Amino acid sequence: MTIIIFGPPGCGKGTQSILIAEKYNLKHISTGDLLRKEIEDETEFGKTVKSYIAEGKLVPDEVIIGMLMNAFEKNADQHYGIILDGFPRTTAQAEALEINLTARSKKTNILLDLQVETNELLNRLLYRGANSGRVDDNLETIKKRLQVYEEKTLPVKDFYKKLQKYAAIEGMGEIDEIFTSICNAIDAAI
Ligand code: ADP
């Protein structure tokens, strides 16, 4: 089973992914978390990607696709499948993902599009920035990330709509209510 959680920065992808991973016994792969770990560990890879993240830009496709394929290899068989959080973020990433899954006789079951109003996103990210210390949760970088989302990431929706693997989820409201909608969409897609 392969589930994609999708939506703008601050829409709640991380929070919902943890709940989904637990309920459906999926491996949670967050590209943002993987990148931050590399930076924290001061690896060569971390040094390469650091400035992109701090500036709110996307890490180049070939770099992120390579990282994701490595993550796929690691202890994948202990789980029933994966929940992808933060990937794909461009159409090229979506194409690479589907080609890779097909080669393993797998496929994406559904892309869950968490929909949240822009004002609410700004509030959540500014609040998170004050508490998490994430270098990219400041007003200037948040605006840049939202712009990158509109320009580069939004087309990924159409890619999965065409494949009829798309579900819109109301992302405003209580965490458990949103999770219930997500579970309904997943159950209908598996
Ligand atoms: P958010 O969803 O709040 O923007 P993430 O933790 O998912 O945060 O990502 C943080 C940053 O990591 C992004 O702004 C980007 O620089 C980089 N990143 C994460 N995933 C990808 C990806 N699939 N492609 C390119 N860059 C990525």
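Here the structure is a predicted model, which means the values were calculated and not measured.

Colleague: What's the story with the side chain of Ser17 in this structure? I'm lost.
Modeller: The residue Ser17 is located in helix 1 (residues 13-24) in this model. Residue Ser17 is classed as buried on the basis of its relative accessible area of 0%. Within the structure, the side chain of Ser17 is placed 2.6 Å from the backbone oxygen of Lys13, a separation counted as a polar contact. Excluding residues within four positions of it along the chain, Ser17 makes contact with Ile5, His28, Ile83 and Asp85.

Colleague: Before we go on, may I ask you to explain the site of the ligand in this structure?
Modeller: Lining the immediate environment of the ligand, one finds 20 residues, of which Thr31, Arg36, Lys57, Gly86 and Arg145 sit closest. Separating a nitrogen atom of the ligand from a backbone N or O atom of Val59 is a distance of 3.0 Å. A distance of 3.0 Å is found between an oxygen atom of the ligand and a side-chain nitrogen or oxygen belonging to Arg89. Calculation on the ligand without its partners gives an accessible area of 550 Å², and the protein chains cover 96% of this total. Partitioning the shell around the ligand into residue classes produces seven nonpolar, five polar and eight charged.

Colleague: I keep staring at helix 1 and nothing clicks. Help me out?
Modeller: Because the α-helix completes a turn every 3.6 residues, residues three or four places apart line up on one side. In this model, helix 1 (twelve residues) spans 16 Å end to end at C-alpha, consistent with the 16 Å of a helix rising 1.5 Å per residue. All of the buried residues along helix 1 are Lys13, Gln16, Ser17, Ile20, Ala21 and Tyr24. Within helix 1, the buried residues cover an arc of 140 degrees as seen down the axis, which keeps them to one side. Exposed residues pointing more than 90 degrees away from the buried face of helix 1 are listed as Ile18 and Glu22.

Colleague: Looking at this structure, I do not really get the pattern of salt bridges. What am I missing?
Modeller: Where charged atoms from two side chains of opposite charge come close, those side chains can pair. Scanning the entire structure with this criterion turns up twelve salt bridges. Lys57 serves as the salt-bridge partner of Glu55, at 2.8 Å between the closest nitrogen and oxygen. Residue Lys57 is classed as partly exposed on the basis of its relative accessible area, which comes to 41%. What emerges from the salt-bridge pattern is a single network uniting Arg128, Arg134, Asp136, Asp137 and Arg145.

Colleague: I tried to follow the packing of helix 6 (residues 118-132) against helix 7 (residues 139-153) on my own but got confused; where do I start?
Modeller: The geometry of a pair of packed helices is captured by two quantities: the angle between their axes and the separation between those axes. In contact at an axis separation of 10 Å, helix 6 and helix 7 are set at 140 degrees when each is read in the N-to-C sense. Accordingly, the angle class assigned to the pair helix 6 and helix 7 is oblique. With respect to the hand of their crossing, helix 6 and helix 7 are arranged in right-handed fashion. Across from Thr118, Leu121, Leu122, Leu125, Leu126 and Arg128 in helix 6, the residues of helix 7 making contact are Leu139, Ile142, Arg145 and Leu146. Here the residues of the contact of helix 6 with helix 7 sort into seven nonpolar, one polar and two charged.

Colleague: It is not clear to me how the nonpolar core should be interpreted in this structure. Could you clarify?
Modeller: Buried together is how nonpolar side chains tend to be arranged in soluble globular proteins. Of all hydrophobic cores here, the largest spans 26 residues; its most connected members are Ile3, Ile20, Leu112, Ile182 and Ile186. Secondary structure elements with two or more residues in this core: strand 1 (2-6), helix 1, strand 4 (110-115), helix 6, helix 7, strand 5 (166-170) and helix 9 (175-189). One finds Ile53, Met67, Met69 and Leu97 within the second-largest nonpolar core, a separate group that totals 25 residues.

What counts and what doesn't
Residues numbered from 1 in each chain as written. Predicted model: local features only at pLDDT ≥ 70, side-chain atom pairs only at ≥ 80, totals over all residues. Heavy atoms only, no water. Helix = DSSP H or I, 4+ residues; strand = E, 2+ residues; numbered from the N terminus. Buried < 20%, exposed > 50% of the residue type's maximum accessible area, 1.4 Å probe, protein only. Polar contact = N/O pair within 3.5 Å; in protein donor to acceptor, adjacent residues only side chain to side chain. Contact = heavy atoms within 4.5 Å. Near = heavy atom within 4 Å. Areas by Shrake-Rupley, 256 points an atom, 1.4 Å probe, with all protein chains shown as cover. Nonpolar A, V, L, I, M, F, W, Y, C, P; charged D, E, K, R; others polar. Expected span 1.5 Å × (residues − 1). Arc of directions from axis to C-beta. Salt bridge = Lys/Arg side-chain N within 4 Å of Asp/Glu carboxyl O. Axes fitted to C-alpha atoms, helices over the stretch in contact; angles between N-to-C directions. Parallel < 35°, antiparallel > 145°, perpendicular 65-115°, else oblique. Left-handed = near helix turned anticlockwise from the far one by under 90°. Core = buried A, V, L, I, M, F, W, Y, C linked by side-chain atoms within 4.5 Å.

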